[in-house]
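Fold and geometry: a report
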Amino acid sequence: MALWTKAVNMIRPDIGEESVDLWLKPVEVLRLDNNVLWIKVPNRFYLDGIKDRYLKKLLSILRDLSGVDIELDYEVSKDLKNVLPKTDPIAQPSSQLDFSLGELNPRYTFSSFVVGASNRFAHATAEAVSRTPGTQYNPFFIYGGVGLGKTHLMHAIGHAMRHQHTRSRVLYTTSEQFVNEYVTAIQHSKVDDFRAKYRSLDCLLIDDVQFLVGKDRSEQEFFHTFNALHGIRKQIVVTSDRSPKEMSPSEHRLISRFEWGVVADIKPPDLETRIAILRQKAIAEQIDVPDDVIVFVASSVKSNIRALEGSLVRLKAYSSMTGSSLTVDTAKEILKDALSHEVSPPIDIETILKVVASRFQVEVRELKGHNRATSVVLPRQVAMFLACTMTDHPYTEVGKHFGGKDHTTVIHARKKVQRLLEQDLVFLERINSLRSEIKAVENA
Ligand code: ADP
Ligand code: MG
């Protein structure tokens with residue numbers, strides 16, 4: 001017992017408190033028997049997790065501590081207490097202190113942005129903002145799904161402002177970078193510098209603000225930054241994947257002040273806009289794509305503009321490799337994989353429940369139940385997370401599939417798992433393999 005505790009204490013600085021809480025706290029030491037240390041873990045998920053990540057390190061620590069080679073052996077139990085960390089994890093800094101202004105992508109300009117019904121208002125407002133920053137469109141909040149042009153528009157504003165006033169201090173950052181930078185600043189006692197940098201801006205562009213939610217201190221800092229800049233009429237532009245109305249109360253606290261200004265959404269582009277975008281990109285990339293192929297691709301790839309671009313890249317690779325001109329038939333063949341993704345059937349939450357239950361070795365009814373035992377809580381939260389991210393069902397609907405749970409429970413689970421994903425690559429891999437498994441079951 002003491003040996004294990006010592007080993008955990010030694011590995012802690014290496015792997016961090018959060019990982020210790022998640023992976024090693026649930027371990028129960030059974031006995032030391034002929035240099036075999038027997039431990040008990042809640043289920044196979046933990047066992048694999050510990051083996052993948054920490055086994056080597058643990059064994060070498062155990063050898064150092066005891067002077068003999070120790071092996072670990074396992075029993076899997078199902079009756080341990082809640083293992084999930086009780087406190088909110090603190091974001092780990094991954095970047096060094098950076099007091100420069102963020103880079104803008106030279107391709108993301110107003111002139112390369114194709115305007116259609118789906119983005120007309122957002123585009124017009126973005127232009128107005130860049131002409132008269134800090135006035136009536138402040139803050140400017142853009143929301144919409146993945147790959148629909150939010151980042152592009154935001155950079156376009158930045159370019160236009162830098163172009164009009166070469167001295168104007170425009171900063172582009174993602175909310176994740178903002179968090180990292182802030183945490184790093186705290187650690188190096190450079191918070192004053194951090195504030196000086198952010199409060200001296202003429203325009204602050206913050207991308208994907210939804211990731212700030214729940215990171216309490218950074219969120220606070222962002223409030224202060226926001227208020228400071230807004231107070232002296234400096235422009236603020238924010239993007240998010242959801243509208244203010246779709247946010248949970250804690251998100252709403254963050255978002256409500258964005259409604260002081262202008263809110264614009266970007267919808268998926270209609271067919272005409274998709275055609276126009278493809279034409280424009282084909283010209284920019286100097287690919288010769290016949291009109292019927294353009295129309296074919298535009299009618300097949302509907303989900304987002306990034307996918308449209310991806311299709312064009314493939315067509316380009318093909319035509320430059322073979323030197324032959326593109327036809328609708330070859331395009332069909334080349335894009336087969338990408339297109340199968342487009343038409344994939346909607347995922348059933350019950351399938352998610354089944355796959356998650358079997359992977360975590362729990363029963364579906366346990367996932368739907370209210371038991372707070374260790375071995376059920378994490379799988380339940382994972383299943384809720386997947387139900388939120390793999391389907392279009394609103395939170396309340398997801399809750400219904402889990403034995404009538406409240407939408408706040410679902411939101412909490414989603415965030416919890418999202419946070420773990422961001423901090424733990426092995427966990428991320430597992431979730432991704434769960435996703436593939438669920439899709440495979442659905443398509444079977
Ligand atoms: P989001 O930030 O909403 O996820 P991005 O701004 O990264 O999306 O856009 C994804 C890709 O699609 C980028 O390469 C961008 O240039 C392109 N794109 C998006 N909207 C348009 C548009 N209206 N016209 C031309 N290209 C676009
Ligand atoms: Mg983006």
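Just above, that's the structure.
Everything numeric here is computed off the predicted structure, so don't read it as measured data.

Procedures and definitions
Residues numbered from 1 in each chain as written. Chains lettered and ligands numbered in written order. Predicted model: local features only at pLDDT ≥ 70, side-chain atom pairs only at ≥ 80, totals over all residues. Heavy atoms only, no water. Helix = DSSP H or I, 4+ residues; strand = E, 2+ residues; numbered from the N terminus. Buried < 20%, exposed > 50% of the residue type's maximum accessible area, 1.4 Å probe, protein only. Areas by Shrake-Rupley, 256 points an atom, 1.4 Å probe, with all protein chains shown as cover. Lys, Arg positive; Asp, Glu negative; His and termini not counted. Charge placed at Lys NZ, Arg CZ, Asp CG, Glu CD. Near = heavy atom within 4 Å. Polar contact = N/O pair within 3.5 Å; in protein donor to acceptor, adjacent residues only side chain to side chain. Pairing = 2+ DSSP bridges. Axes fitted to C-alpha atoms, helices over the stretch in contact; angles between N-to-C directions. Salt bridge = Lys/Arg side-chain N within 4 Å of Asp/Glu carboxyl O.

Side note on the overall build of the protein
Counting secondary structure elements, the protein contains 19 helices and eight strands. Within the protein, buried positions represent 49% of all 444 residues. About 21500 Å² of surface is accessible on the protein, with carbon and sulfur atoms providing 52% of the total. Computed over 58 positive and 56 negative side-chain charges, the inter-centroid distance for the protein is 3 Å.

Let's talk about the site of ligand 1
Neighbouring ligand 1 are 18 residues; Val114, Gly147, Thr151, His152 and Arg306 lie closest to it. Here valine 114 contributes a backbone N or O atom positioned 2.8 Å from a nitrogen atom of ligand 1. Histidine 152 has a polar side-chain atom sitting 2.7 Å from an oxygen atom of ligand 1. For ligand 1, the accessible surface in isolation is 560 Å², of which the surrounding protein chains cover 96%. Among the elements of the structure, helix H4 (150-164), helix H9 (271-284) and helix H11 (305-322) are those that each provide at least two residues to the shell around ligand 1.

A few points about the sheet that holds strand S2 (residues 36-41)
Across the sheet, three strands lie side by side as S1-S2-S3; this open sheet has mixed pairing. This sheet does not close on itself; its edge strands, each paired only once, are strand S1 (28-33) and strand S3 (71-76). Going across the sheet, the axis of each strand differs from the next one's by a mean of 25°, ignoring polarity.

Overview of the pattern of salt bridges
One pass over the full model with this rule turns up 15 salt bridges. For aspartate 202, the salt bridge identified is with lysine 234, shortest N-O distance 3.1 Å. Residue aspartate 202 is located in the loop between helix H6 (191-199) and strand S6 (203-207), and its partner lysine 234 is located in the loop between helix H7 (216-231) and strand S7 (235-240); the two are separated by 32 residues in the primary sequence. With relative accessibility at 22%, the residue aspartate 202 sits in the partly exposed group. As a salt-bridge pair, lysine 316 and glutamate 285 come within 3.4 Å of each other at their nearest N and O atoms. Separated by 31 residues along the polypeptide, lysine 316 in helix H11 and glutamate 285 in the loop between H9 and helix H10 (291-300) bring together distant segments of the chain. By relative accessible area, lysine 316 is classed as partly exposed at 32%. Residue class for glutamate 285 comes out partly exposed when judged on its relative accessible area of 37%. When salt bridges with common partners are traced through the structure, they connect Arg195, Arg199 and Glu221 into a single cluster.

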